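Summary of the model geometry
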Amino acid sequence: MLEHQSETKPIACETDIVQVRRRVRELAIALKFSLIEQTKVVTATSEIARNTLIYGNGGEVVLEVLHEPTRCGLKLTFIDHGPGIVDLEQALTDHFTSGKGLGLGLGGSKRLMSEFEISSQPYLETRVMMIRWRNK
Amino acid sequence: MERLPIFKMGKYLLVTIQVDMHDQLALTLQDDLTIKIRETGAAGVLIDISALEIVDSFIGRILSTISLTASVLDADTIVVGMQPAVAITLVELGLSLKKVRTALNIDKGIELLNASHDAPC
């Protein structure tokens, strides 16, 4: 089994979003994701990283490369300590937005990934975990 | 402040997005284009996104807003050169860009603009 990799990146300003997108692209390429898979993961990354910055007042993302016997994956965990999400079900609905967005961020990102989980305790910790798998 | 160059080609304006834009750069482009349309009296705007690796909901909203604002100023906007992987992702994300006109490349974009403004560029 190949080595697991993990790294943490800050999300404190707009250029951090660009940096995170770039790093996720590099990892997706290293995992031999197809161009379409790369594009989906990087797009979902961009959506959630922006949520972390704007709604979560900034935070961080943990990037992990997962290797299993039959598949490999890219796992991203976004963590912030902002006001959080009160109604998770509503937040995942398309076109629901509390801010100036289109309201496609959470629901749309979920569709672009293989696994997607949110937990939120307002002002303590909001965590979005998502994985994209690729079969070997 | 960092900004993207806007070129004048006859009666149209052309912007080529070749960088991974941070949000402020996209907002600046939106403002710059609106001002430039007014200044030049441009009849059309071509936005070349062939080098753009993703279009997320933020960039999607910027493209829609540019298109709407331009139409209020009597200019047509054509977004050209979207990569197939970007198009697939955009639809899955739930962005339809219904109000944004698109063309496969710059030449086709110019044809579209010329068709709606009879005299060629």
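Preceding this section is the structure that the text describes.
Structural notes, computed from the coordinates. Since the model is a prediction, treat every value here as computed from it, not as a measurement. (Residues numbered from 1 in each chain as written. Chains lettered and ligands numbered in written order. Predicted model: local features only at pLDDT ≥ 70, side-chain atom pairs only at ≥ 80, totals over all residues.)

1. Some points on the overall build of chain B
If you tally the helices and strands in chain B, you get four helices and five strands. Listing each helix as α and each strand as β along chain B from the N terminus yields β-β-α-β-α-β-α-β-α. The globule rule puts the C-alpha radius of gyration for 121 residues at 14 Å, and the 13 Å found for chain B is close to it. With the C-alpha coordinates of chain B rotated into their principal frame, the extents come out at 40 × 35 × 25 Å. Split into buried and exposed, the 121 residues of chain B put 35% on the buried side. (Helix = DSSP H or I, 4+ residues; strand = E, 2+ residues; numbered from the N terminus. Rg over C-alpha atoms; globule rule 2.2 N^0.38 Å. Buried ≥ 20, exposed ≤ 12 C-beta atoms within 10 Å, placed from the backbone.)

2. Some thoughts on the overall build of chain A
Along its length, chain A carries four helices and five strands. Its helices and strands taken in sequence order, chain A reads β-α-α-β-β-α-α-β-β from the N to the C terminus. Relative to the compact-globule value of 14 Å for 136 residues, chain A shows a C-alpha radius of gyration of 14 Å, a close match. Dimensions of chain A, computed from the C-alpha atoms along their principal axes, are close to 40 × 25 × 25 Å.

3. A closer look at the nonpolar core
Counting 53 residues, the largest nonpolar core has Ala49(A), Tyr12(B), Val45(B) and Ile47(B) as its most contacted members. Beyond its immediate stretch of four places on either side in the chain, Val45(B) contacts Tyr12(B), Leu13(B), Leu33(B), Ile37(B), Ala70(B), Ala75(B) and Thr77(B). (Core = buried A, V, L, I, M, F, W, Y, C linked by C-beta atoms within 7 Å. Contact = placed C-beta atoms within 7 Å.)

4. Observations regarding the environment of Leu63(A)
Along the chain, Leu63(A) turns up in strand β2 (residues 59-67). If we skip the residues at most four places from it in the chain, Leu63(A) touches Glu7(A), Lys9(A), Arg23(A), Val24(A), Leu27(A) and Leu76(A).

5. Quick look at the pairing of strand β2 (residues 12-16) of chain B
Residues and elements named next belong to chain B. Here strand β1 (residues 7-9) runs beside β2; their pairing, made up of three bridges, is antiparallel. Within β2, the residue paired with Phe7 across the bridge is Leu14. The loop that links β1 with its antiparallel partner β2 comprises two residues; one of these, Gly10, has a positive phi angle of about 60 degrees. Where β2 meets strand β3 (residues 44-48), five bridges bridge the pair, whose relative direction is parallel. Bridging from a neighbouring strand, Thr16 pairs with Asp48 of β3. Note that the unit made of β2, helix α1 (residues 23-40) and β3 has a crossover that is right-handed. (Pairing = 2+ DSSP bridges. Right-handed = clockwise from strand over helix to strand, strands pointing away.)

6. Some thoughts on the sheet that holds strand β3 (residues 71-80) of chain A
To summarise the sheet geometry, strands pair through backbone hydrogen bonds and adopt either a parallel or an antiparallel arrangement. Residues and elements named next belong to chain A. Judged by pairing direction, the sheet is antiparallel, and its five strands sit side by side in the order β1-β2-β3-β5-β4 without closing on themselves. Bordering the open sheet on either side are β1 (5-11) and β4 (115-121), each of which pairs with just one other strand. Adjacent strand axes in the sheet meet at a mean angle of 15 degrees, parallel and antiparallel pairs treated alike. Where β1 meets β2, seven bridges bridge the pair, whose relative direction is antiparallel. (Axes fitted to C-alpha atoms, helices over the stretch in contact; angles between N-to-C directions.)

7. Re the packing of α1(B) against helix α2 (residues 57-72) of chain B
Residues and elements named next belong to chain B. At a closest axis distance of 10 Å, the pairing of α1 and α2 adopts a crossing angle of 10 degrees. Considering the angle they form, α1 stands roughly parallel to α2. In contact with Asp23, Ala26, Gln30, Leu33, Thr34 and Ile37 of α1, α2 contributes Phe58, Ile59, Ile62, Thr65, Ile66, Thr69 and Ala70. Broken down by class, the residue content of the contact of α1 with α2 amounts to eight nonpolar, four polar and one charged. (Parallel < 35°, antiparallel > 145°, perpendicular 65-115°, else oblique. Nonpolar A, V, L, I, M, F, W, Y, C, P; charged D, E, K, R; others polar.)

8. What to know about the sheet that holds β2(B)
Residue and element names in this part refer to chain B. A sheet is described by the order of its strands in space; here five strands give the open sequence β1-β2-β3-β4-β5, paired in mixed fashion. Bordering the open sheet on either side are β1 and β5 (101-103), each of which pairs with just one other strand. Ignoring which end each strand starts from, the neighbouring axes of this sheet average 30 degrees apart. Its contacts with the sheet place α2 against β3 and β4 (76-80), and it is angled at close to 155 degrees to β4. Against the sheet, helix α4 (residues 106-116) makes contact with β2, β3, β4 and β5, and its axis sits at roughly 160 degrees relative to β4, the strand it touches most.

This is a description of form; function is not addressed.
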